[in-house]
Amino acid sequence: MSRKRGAKPKAIGKTNSKKENDQFLEALKLYEGKQYKKSIKLLDTILKKDGSHVDSLALKGLDLYSVSEKVDAASYVANAIRKIEGTSASPICCHVLGIYMRNTKEYKESIRWFTAALNNGSTNKQIYRDLATLQSQIGDFKNALISRKKYWESFLGYRANWTSLAVAQDINGERQQAINTLSQFEKLAEGKISDSEKYEHNECLIYKNDIMYKAAGDNKDKLQNVLKHLNDIEPYVFDKFGLLERKATLYMKLAQLKDASIVYRTLIKRNPDNFKYYKLLEISLGIHGDDKLRKALYGKLEQFYPRCEPPKFIPLTFIQNEGELDKKLRDYALPQLKRGVPATFSNVKPLYQRRTSRVPPLLEKIVLEYLAELDGTQDPIPYIWTNYYLSQHYLFLNDFTKAQEYIDVALKHTPTQVEFYILKARILKHLGLVDTAAEILEEGRQLDLQDRFINCKTVKYFLRANNIDKAVEIASLFTKNDDSVNGIKDLHLVEASWFIVEQAEAYYRLYLERKKQLDDLTSPKNEVPNEESEGTSNEVKDNQWLVHKYKGLAMKRFHAIPKFYKQFEDDQLDFHSYCMRKGTPRAYLEMLAWGQTLYTKPMYFRAMKGASKLYFQMHDDNLKRKADSVDESSKEIGNNEQNSSSSQKKKAKKEAAAMNKRKEAEAKSVAAYPTDQDDDVFGEKLIETATPMEDFEAEFYGNYSKQVREDERDYVLDFEFNYRVGKLALCFASLNKLAKRFGSTNGLFGSMAIVLLRATRSSTLFDPILKKVVIKSLEKDYSETLPLNEISSDSFDWLNFYQETFHGKKIRGLLFLYQYHEDVAIEHAPLKEAIISDLSHLEPHAQNEVLQYQL
Amino acid sequence: MGRDICTLDNVYANNLGMLTKLAHVTIPDLYQDTFFTGLFADDTLVTKNKKTPSKKDVRFTQLAYYSEIPVGGLVARLVPKKQNELSLKGIQIEFLGVLPNYRYKTIGSKLLEFVEEKCSECHQHNVFVYVPAMDSSAKQWFLAHGFEQHGDTLNNFIKNVSGGEQDAILLKKHIS
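Quick caveat, the model's predicted, so the values are computed rather than measured.

What counts, and at which threshold
Residues numbered from 1 in each chain as written. Chains lettered and ligands numbered in written order. Predicted model: local features only at pLDDT ≥ 70, side-chain atom pairs only at ≥ 80, totals over all residues. Helix = DSSP H or I, 4+ residues; strand = E, 2+ residues; numbered from the N terminus. Buried ≥ 20, exposed ≤ 12 C-beta atoms within 10 Å, placed from the backbone. Contact = placed C-beta atoms within 7 Å. Expected span 1.5 Å × (residues − 1). Arc of directions from axis to C-beta. Pairing = 2+ DSSP bridges. Core = buried A, V, L, I, M, F, W, Y, C linked by C-beta atoms within 7 Å. Domains from an automatic or database assignment.

Asker: What's the story with the overall build of chain B in this structure? I'm lost.
Answerer: When helices and strands are tallied, chain B shows 4 helices and 8 strands. Across the 176 residues of chain B, 33% fall into the buried class. For chain B, contacts bridging at least 24 residues in sequence account for 60% of all contacts bridging at least 6.

Encoded structure:
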C-alpha cells in the first residue's frame, strides 16, 4: 500500500566520510528495493568501521524489522536513539526512525521523527502526506490540516490532495475554505472529467453540498443557496436517495412543506419499504397529530403499494378505537399465519413492546380464535405456525407454562422443524433450566448438521450451561482447524466476539463455582492438615488448579475483545489516504465518527463489565492480603520450614512435574493464538498482576471513559472504579448523575450513597481532604435523605434504613450493598435474607444467576 | 406458485438426523441407530443407482418435504438375489413413513413411486415389504397401492429395539 511508497528518504551528504556516505546510500537503495539482507550486510561493513554511525544503526533496525527479527530491530533502534541528542540527527535518519515507529504502531513517536526529518532539512515532500495520515489517525486534526496543506501545495495536480485538504478544513470547522477548495478544483477540472472519474466527481459534489448544508445552519438565504446548488448538481449525482433526502430536508427547513411532501412521495415510490419516509411524509403533510387523516393517508398508500409492509403496519401503532384496532390486527396477522410465516410474532413484537396494555390481549384473542378453527391434519402449516406464534406470545408475557404447552404441541405435530427446538430451548432458558435447554437444542441440531445458525445457538446454550468442552466441540464443526485440536484459534482469528465473550463468562461462572467448592474444602473444620487423607489433599490441589485456570482463562478471553477493537481502530490508518484517492469523503467522515464511539460498543462494554468483576475482586483481595500480611506471612514461613523434609520435597517436585505435564496437555485445547505469539495461554500473567486497577484502566476502562457519551455512562461502573482508586469526588459525581436520572429514592442510588457515606468515616484510608469535600457535597444536596450524623456509628442499622427509604430497582441496590457489606458494616446474614426475599420479582433464570453466582 | 407443495430430495450425511427422527417418530422402537448411521458409514452415496463395486447393500433413501418441511422418509434396499426360501428378489422397502398429521396428502404415494422407478431402473420386478401382522393400517395402505400378500404370516419375524418380537406378513407388488 501507500506505506512503502512514502518510504523514500533522500540523502543529504552530512556523514563523516564520502565513502561511508555512499555505502549508506547504497544500503538505503537496497532497503527500498526490499533487499533487506543485502542492505544489512552493507550496513555491517560501515558499522564495523564506525560502531556509532547513527544512520546505519537506524536503517539496520528497519531492515531487521522488515525481515521480522523484531527484538533485534528494537535494540538497534534504541541504540540509535540513545546516540541522538533530542532529534538532531540527519533527516534521513529521522525519516528512517519515523518509518520504523509507524511500523511498530507508535504513531506519536513516528510523528515526532517525521516532523524532525522535515525540520532538519529534508526536502522530501512525501513526508507531509505520511504525517497527515498519522496525525489523522491519532486525532490531531489541527496539525493534519497543516500537513495536508503543505502536501497539497507541492502536488497540486492530484484531485486526492484537493479532497483531503477540503476534508481537513471541514473537520477543523473551516467550512467556507473547504467549499472554496472544492469549487476551485471543480473549475480546474471542468470539462476534463473522464468516465472513470465520474463517480469520484459525484461524491465530491454531494460532499460539497454536505458542507454547505452544515454551514448554512438555519439561515434561510443560505439554505436557499444550498438548494440551488443541489438542483445544479442533480444530473451528476449518482446517490439519488441521498440527494432526494437532502432536498426534502431542505424544503422542510425552508418551510416549503408541500414541496417536501412531494419529494417524500417520490422517495416512497422509490423504496416503499422504508418506514422513515412515511413518518416524514406525515410531518410534511402536517397531519402528524391527526389520527383520522393519518388513517386516510395510509388507506390510500396501502392501495398504491399493496405488497408493502409500512402502510399496513403503521396504522396499528396509533389506532385507538378498540373495534377498529381489532379488525386491523386481524387483517395484518391472520394472513401471515395462514401462509405460515415463521416471523409473524417478530413482526408484531414492536407493537407488543410499545402498546403492551392494548395489543397483546387483542392478538391473544384473535389468534386463539383462529387456532380453534384449525385442524392439525387439514391445515398443518397454519396450525404449527399458529402454535409457534402463541408460544412466543406467552413467552413475551412471561407465562412459561402456556408457552411450553403450545411449543410442545407444535413439536409433537412436526418434530422435524428446527425452529421449534430453538424456541423450546429459549423457554427453558428463561426458566433457568440451562442444561435441558442445551440438550433440546442439541436434539434440534442433530436434524440438520449443516445449519450454521442452530450450530451457533447450540454452542451458546452449552456455554450458558457451563459445558465448555461440548460447546467447543460443536463450534469446531464449522471452523478451520488446520493444526489445532479445536476451533478456538480460528474463532479468535475471525474475531467471533460473541463466542469469546460467552466463553469468558462461562469460565467466570466456573471459576466462581470452583472457588466455592475450594472454600468448602479448606474451611476451618479441616484445620489440621497432617491428618487429612491423601484424597482430600489431592482434591484441594485439583480444585486450586481449576480455580486458577478458570480465572485466568476468563480474563484471557475478556482481554481478547479489546484486542479486536484496537485492531478496528488501527484498521482506520489506511483509509486516511485511501478514501482521498478513491474520492469517498462522505464515507470517510462516517468512518471517523464510528471510530470515535468504537470503545462504547455493546460487545466491548460487555467484556469490560466482565473483566471489571475480576479486576475489582483482585484489587480487593490485594488490599485484604496487605492488611493480613503481618501475622500471616510469619506463620506460613514457619510452617514451610517445618514441613520441608527431603521426602516431601521429592513429592512436591513430582507433583509439580505432573502439573506441568497436565498444563501442557490442556494448553493445546485452550490456546487462542499461535504458540509463538502467546506466552500466556492460561492468562496466568494477567491475573497475577500487582496493579489490577491500572491494568483495567489501560486495557478496558481508559478508552471507554474517553469515548462514552456523558448520558450513556455506566454510573455504577464509574463509581466502583473511582471508589477503588480513591477518587471519592468522582464517586460523588456519579452518584449525583444517577440521582438526576433515576431520582434519589432509587435503590441503586441508595446503596451507592451508603457506601460513599461510610467511606468518609475517619477510619478509612481515603484522603481526608477528599472525605471532607464529599461530606460537604452530600450535606448540600442530600441532607434530607441521608442520615449524615450516623456516618461513623457502627450500631446504625443501614439495612433497615435502606429498606425503608429506597424503592426503585431495590434488588440491584441490595446486591450492590452485598458486595460492599464489609465496608458498610451490614451483617451478612440479614442482607442475604433480604435479597432472597426480594428475588421473587425476578425471572427464574435471573433468580438462579443471583443465587448461584452472586451470593 | 406453480410448484408442487410436496417434493422429494436425497438424504445426505448432514440431514440424516431428519430421516432418523422421522423413523423414530412414525415407527417407534423398530430401528436401531446403527441402521441409519450405517447408511453413510463409508460415504457411499446410496441414492445413486449405480451398483457399488463393494459387496455392500445398495440402498435408496429419500426425504419428502411438505412446504419445505421434511415430513416423510424412505429407505429401500436392492436385493438382487433371493436370500432364502421365504424371501424375494427385487427391492425391499425397509422404512417408509410419513408424520401422522401429513398423511392422506399423497406424500407416501410419491415415495412409493420413487421406489417403483428405481425398481425398473435396476431391472427388477418386485417391490416388497414386511409389515407387522398386527398393523392393519399399514397393510391397508400397501394393499390400496397395489400390493398383494405373499405367503403366510411369518412368526416372530420382526425384532424391535428392546428385543421384543412380532409376527409379520410379506407384501409385494409386481412391476412389469
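After that view of the structure, there is still more to cover.
Asker: It is not clear to me how helix 5 (residues 70-83) of chain A should be interpreted in this structure. Could you clarify?
Answerer: For an α-helix the count is 3.6 residues per turn, leaving residues at separations of three or four pointing the same way. Residues and elements named next belong to chain A. For helix 5, which comprises 14 residues, the first-to-last C-alpha distance of 20 Å matches the rise-based estimate of 20 Å (1.5 Å per residue) to within 8%. For helix 5, the set of buried residues is Ala73, Tyr76, Val77, Ala80 and Ile81. The arc that holds every buried residue of helix 5, seen down its axis, measures 135°, which confines them to one face. Of the residues in helix 5, the exposed ones pointing more than 90 degrees away from the buried face are Val71, Ser75, Ala78 and Arg82. Where helix 5 is buried, its residues contact helix 4 (54-66) and helix 6 (91-103).

Asker: In this structure, what is going on with the pairing of strand 2 (residues 58-66) of chain B? I would like to understand it.
Answerer: Looking along a regular strand, one sees the side chains alternate between the two faces of the sheet. All names here are of chain B. Burial analysis of strand 2 places 8 of its 9 residues in the buried class, which makes it a mostly covered element. As paired elements, strand 1 (residues 6-9) and strand 2 share 4 bridges and run antiparallel to each other. Bridging across to strand 2, leucine 8 finds its partner in alanine 64. The hairpin turn running from strand 2 into strand 3 (residues 69-79), its antiparallel successor, is 2 residues long, and serine 67 in that turn takes a positive phi close to 50°.

Asker: Would you mind showing me how to read unusual backbone geometry here?
Answerer: With glycine set apart, most residues show a phi of negative sign, and most peptide bonds adopt trans. Residue asparagine 398 of chain A is not a glycine yet carries a positive backbone phi of 60°. With respect to the helices, strands and loops of the structure, asparagine 398 of chain A is situated in the loop between helix 22 (380-396) and helix 23 (400-413). The backbone of asparagine 156 of chain B sits at a positive phi, close to 45°, despite the residue not being glycine. Along the chain, asparagine 156 of chain B turns up in strand 7 (residues 154-159). A tally of 10 C-beta atoms within 10 Å means that asparagine 156 of chain B is categorised as exposed.

Asker: Would you explain helix 14 (residues 240-253) of chain A in this entry?
Answerer: All names here are of chain A. Given a rise of 1.5 Å per residue, 14 residues ought to cover 20 Å, and the 20 Å separating the end C-alpha atoms of helix 14 matches this to within 8%. The set of residues buried in helix 14 consists of Leu243, Arg246, Lys247, Ala248, Leu250 and Tyr251. Against helix 12 (198-216), helix 13 (220-233), helix 15 (257-270) and helix 16 (275-285) lie the buried residues of helix 14.

Asker: Teacher, can you tell me more about the nonpolar core here?
Answerer: Generally speaking, nonpolar side chains in soluble globular proteins are found buried as a group. Leu441, Tyr507, Ala554 and Ala611 of chain A together with Val115 of chain B are the most contacted members of the largest nonpolar core, which totals 129 residues. Apart from the residues within four sequence positions on either side, leucine 441 of chain A is in contact with Tyr421, Ile422, Ala425, Ile454, Lys457, Thr458 and Tyr461 of chain A. In this structure, Tyr65, Tyr128, Trp152 and Tyr251 of chain A belong to the second largest nonpolar core, which totals 83 residues.

Asker: Is there a simple way to think about the environment of serine 783 of chain A in this case?
Answerer: All names here are of chain A. By the secondary structure assignment, serine 783 is in the loop between helix 40 (768-782) and helix 41 (798-805). On the basis of neighbour count, serine 783 is assigned to the exposed category, with 11 C-beta atoms found within 10 Å. A sequence separation of 62 residues divides serine 783 from phenylalanine 721, and the C-alpha atoms of the two residues are 25 Å apart.

Asker: What is the right way to read the domain arrangement of chain A from this model?
Answerer: Think of interface size as the accessible area that goes away when the parts come together; that is how it is often given. Partitioning chain A into domains gives domain 1 (18-123), domain 2 (479-524 + 535-625 + 673-706) and domain 3 (714-854). Centre-to-centre, using C-alpha coordinates, domain 1 of chain A lies 57 Å away from domain 3 of chain A.

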